[in-house]
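Chain by chain, the residues:
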Amino acid sequence: MARILLTWHGAVVCWSGGLLAPVSPAAVAAGDATPLLLDENDHLLSGPACIAIDPAPGDPVPTGHKASAFVIRTGSLYLSCRNDTEFHLVPHAQAWEFFVSLPQACIPLIARVVAMRWLVQGKQTPRGRCAEFSVWLGEERFDPSALLLSEDGQTLTLPDGRVCPAYPGPALSHAIASVDDLIRNPLVTSEERIWAHGGDLAAQMLHVITAPHHAPHLYHLARLCALLGHYDAALACLDALDGLMEPAELLWARATIAYRQERYALVRPLLRDAIEDAAKRSPRQQLIIKTSERFLPENCHPLAAARLFREVYDVHLDGEFCRVLMPSPLLADATYETRSVYLQTLEEIWGQCPPARRRLFLEAEKAFNEESHALSVVSGHEAWYRGDADGANPHYERARQLSIETGMQFVHFNCGAYSWLTGFPRKPEPAPLDLSGWEWHWTGTDATAAQPDLCIVAGSDERYFRFVPRLVASLIQACAAGSRPGMIHLILGFASPSPDQISFLERVAKTLHAARSPVALSFTSGRLAHNDGATYSCIRYLMMPEIVERFSCPVMTTDIDAMFPTDFLSLSEALRTNYDYGFRLYAFDSEGRQFMGEPWGFGAGVSYFGETALLPVLAHDLHDYLRTAYLTANPTNWCIDQCALAAIFHRHIGPRWADLRIRFMDTPPAIVVMPHHTGMDKSSFAAWEGLVDMAQVYASLGLNPEEASALVT
């Protein structure tokens with residue numbers, strides 16, 4: 001068998017047209033040049049008579065290679081290939097200027113290997129290369145003569161028996177052809193689905209065909225085809241991704257498509273294999289594998305399986321294909337858990353739907369699964385975004401009823417639907433929320449006292465009292481330069497406080513009053529008809545009718561877990577001078593339009609009410625809303641404070657947006673510092689000393705700092 005000579009750089013020594021030159025294996029394989037040939041004993045068969053082929057000194061061939069190294073010379077002149085395009089004559093030959101002898105059959109093999117990327121053990125390598133007398137696949141080097149290329153050039157067998165497919169290969173060609181057929185169909189390119197438009201296929205296809213080695217491009221194309229309902233094309237793209245992505249992701253994607261194709265028998269095994277492959281990256285692999293079958297019922301929905309293993313085992317499957325299942329039909333025998341997960345996902349993902357296609361989403365879900373609490377609540381959102389509050393409220397009322405009837409709760413941000421007053425009659429609560437019977441402790445409210453510039457109102461229960469000593473100290477510190485006594489009046493309310501907490505407030509209030517401090521402190525306490533996490537945040541609003549009856553000044557409400565910055569006086573003065581209201585309007589644009597969230601998507605952390613003439617109306621509306629909306633029949637009344645605040649905004653303030661000066665309270669600088677401003681959790685914030693030296697503030701008033709510190713822990 002004839003042999004050829006290969007340079008250190010990977011070129012073939014050629015004798016063609018009377019010229020001796022290094023030529024790439026690809027050009028030689030294409031017939032563009034004729035290689036210089038040796039016989040099986042490495043004697044020259046064809047070539048110029050002026051050269052000699054002699055064994056190279058030393059052992060320059062890599063360990064494990066069968067090839068022998070040679071020099072090409074004439075007398076004392078040696079042929080040197082310093083790159084892969086030309087020869088030079090040198091007086092001495094270095095190891096990298098030697099040549100190795102290989103079978104002539106290696107030429108097309110090398111040409112193919114360096115032209116392609118290969119999947120080695122399921123992982124894509126960079127394009128193959130030939131250098132240092134070797135073929136390289138990634139960081140592995142091989143003797144070219146020890147490699148075996150299939151006749152069709154699609155698989156390469158390594159010396160250790162590993163079989164490596166070429167990439168791109170036939171699977172990609174099939175995928176490209178499948179999608180190309182779709183793009184040629186004007187009915188496809190003009191179709192509009194919930195999550196995609198057919199016109200998007202062409203641009204994504206261009207990404208794939210210009211960078212076929214970049215797996216995310218093809219994966220995105222697979223998802224796009226699936227979202228458009230072209231499942232066979234999507235599966236073809238996923239087939240072409242075998243070896244380029246984690247098997248778990250591809251199996252999960254195939255499971256979602258199988259479900260949409262109603263090939264339900266395939267869904268469970270695909271999910272099982274996806275979960276078990278994902279488990280390989282978990283320290284709990286054995287447990288997951290042992291229990292995966294038990295937690296995957298027949299006819300399971302892919303969304304339910306994905307959430308279960310994420311929440312129980314922290315095994316994550318790619319969320320990109322969730323939209324393929326949103327919406328999708330639930331089987332008649334779907335379990336409560338499956339329905340619950342599906343409907344929760346529906347609530348979570350609906351807001352990501354493009355506004356122009358939200359009606360398509362609602363219509364499809366109604367056709368698939370008929371009425372549900374989740375469909376009703378997002379139908380309400382859709383009407384609300386269109387500015388149709390009258391059309392939204394019946395949906396919200398129906399959503400609440402269905403949730404209670406079926407026992408399926410809303411996701412957390414939609415829990416406001418339980419407390420959102422829709423105008424429909426509700427059975428009144430036997431023991432409504434109010435502060436009747438609470439004891440008020442007023443200071444600085446005698447007939448001769450001047451009106452404060454600002455009342456600050458906060459309330460909570462005895463557990464959150466740990467924030468009070470620092471909140472009060474930060475306000476005293478911030479107002480130390482105030483111009484007159486009681487100009488800032490802090491009014492606190494607490495449900496079921498301890499005797500020590502009451503005693504602390506009394507001493508601080510009396511001391512501030514005696515010292516003619518710019519800060520006055522009043523408080524109220526008692527028991528609520530209902531003690532839960534939803535009611536304590538309502539106390540500040542339940543207090544307001546009593547406060548606005550005594551004072552005619554702007555009011556600021558705040559969370560109790562807060563502190564006041566050192567420049568609070570100047571910030572509050574600017575607020576009173578320049579604004580009529582201030583709210584955490586994270587879901588609104590500068591024109592007062594709500595662009596995201598829910599009707600109750602309204603931050604209640606800090607609010608400012610500067611229209612003193614309207615304050616009695618607002619205060620009573622807030623109070624009455626809470627008394628009416630809180631129902632023990634609701635699974636939860638979480639968000640009720642936001643519902644109340646949003647309701648009075650939409651009724652009294654929003655319609656006058658253009659005529660009012662409204663501050664976005666999340667816009668810096670922060671007038672009140674809260675845990676989210678510092679990146680701390682609540683416990684760390686309660687103990688944080690970075691804003692105020694609490695001990696120094698209380699000591700300066702003649703109070704025992706240890707008493708305040710004891711209440712923080």
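Everything discussed here concerns the structure shown above.
The rules behind the values
Residues numbered from 1 in each chain as written. Predicted model: local features only at pLDDT ≥ 70, side-chain atom pairs only at ≥ 80, totals over all residues. Heavy atoms only, no water. Helix = DSSP H or I, 4+ residues; strand = E, 2+ residues; numbered from the N terminus. Rg over C-alpha atoms; globule rule 2.2 N^0.38 Å. Buried < 20%, exposed > 50% of the residue type's maximum accessible area, 1.4 Å probe, protein only. Contact = heavy atoms within 4.5 Å. Areas by Shrake-Rupley, 256 points an atom, 1.4 Å probe, with all protein chains shown as cover. Lys, Arg positive; Asp, Glu negative; His and termini not counted. Charge placed at Lys NZ, Arg CZ, Asp CG, Glu CD. 1 Å grid on protein atoms, 1.4 Å probe; cavity = no way out; pocket = protein on both sides within 12 Å on 5 of 7 lines; lining within 4 Å. Points joined across faces, edges and corners; volume = space filled by probe spheres on them. Arc of directions from axis to C-beta. Polar contact = N/O pair within 3.5 Å; in protein donor to acceptor, adjacent residues only side chain to side chain. Expected span 1.5 Å × (residues − 1). Pairing = 2+ DSSP bridges.

J.: When you look at the overall build of the protein chain in this model, what are you seeing that I'm missing?
T.: A count of helical and extended segments in the protein chain gives 25 helices and 26 strands. Taken against the 2.2 N^0.38 rule, which gives 27 Å for 713 residues, the C-alpha radius of gyration of the protein chain at 38 Å runs more than 25% over that of a compact globule. Based on the C-alpha atoms only, the size of the protein chain along its principal axes is roughly 125 × 60 × 50 Å. Burial statistics for the protein chain: of 713 residues in total, 54% are counted as buried. For the protein chain, contacts bridging at least 24 residues in sequence account for 69% of all contacts bridging at least 6. For the protein chain, the computed accessible surface area is about 30900 Å², with 52% contributed by carbon and sulfur atoms. Averaging the coordinates of the 56 positive side-chain charges in the protein chain and doing the same for the 80 negative ones gives two points 2 Å apart.

J.: Is there a simple way to think about the layout of surface pockets in this case?
T.: Rolling a probe over the atoms, with the probe sized like a water molecule, indicates the empty space that remains. Here the largest pocket defines a volume of roughly 700 Å³. Every residue lining the largest pocket is counted, 27 residues in all, and those nearest its centre are Ser-537, Arg-540, Asp-559, Trp-638 and Lys-682. Secondary-structure elements contributing two or more residues to the lining of the largest pocket are strand E20 (454–461), strand E25 (603–609), helix H21 (640–653) and helix H22 (675–678).

J.: How do you make sense of helix H25 (residues 705–712) when you look at a structure like this?
T.: Helical geometry: 3.6 residues make up each α-helical turn, so side chains three or four residues apart lie on a common side. Ala-708, Leu-711 and Val-712 are the residues of H25 that are buried. Down the axis of H25, the sector holding all buried residues measures 110°, keeping them to one side. Set apart from the buried face of H25 by more than 90 degrees, the exposed residues are Glu-706 and Ala-710. Packed against the buried residues of H25 are helix H16 (468–478), helix H17 (499–514), helix H23 (682–687) and helix H24 (694–700). For H25, the capping residue at the N-terminal end is Asn-704, with a side-chain oxygen 3.0 Å from the backbone nitrogen of Glu-706.

J.: Could you clarify how one ought to interpret H17 in this entry?
T.: The end-to-end C-alpha distance of H17, which contains 16 residues, comes to 22 Å, matching closely the 22 Å that a straight helix rising 1.5 Å per residue would cover. What H17 keeps buried is the set Gln-501, Ile-502, Phe-504, Leu-505, Val-508, Ala-509, Thr-511 and Leu-512. For H17, the elements touching its buried residues are H16, strand E21 (488–495), strand E22 (519–526), H24 and H25. Of the residues flanking the end of H17, it is Arg-516, one or two places downstream, whose phi is positive at about 50°.

J.: Quick question: what am I supposed to make of the sheet that holds strand E12 (residues 123–124) here?
T.: The pairing of strands in a sheet happens through backbone hydrogen bonds and is either parallel or antiparallel. Strand order in this open sheet of five strands is E12-E11-E18-E17-E16, and the pairing throughout is antiparallel. Each edge of the open sheet is held by one strand with a lone partner, namely E12 and strand E16 (148–149). In terms of strand pairing, strand E11 (residues 117–120) meets strand E18 (residues 163–167) through two bridges, oriented antiparallel. If you follow Arg-117 over to E18, its bridge partner there is Tyr-167.

J.: Hey, could you run me through the environment of Asp-434 in this one?
T.: If you trace the backbone, Asp-434 turns up in the loop between helix H15 (389–406) and strand E19 (439–441). The spatial distance from the C-alpha of Asp-434 to the C-alpha of Ser-607 is 21 Å, given a sequence separation of 173 residues. A distance of 2.8 Å separates a polar atom in the side chain of Asp-434 from a polar atom in the side chain of Ser-436. A polar contact is formed between the side chain of Asp-434 and the side chain of Arg-627, at a distance of 2.7 Å.

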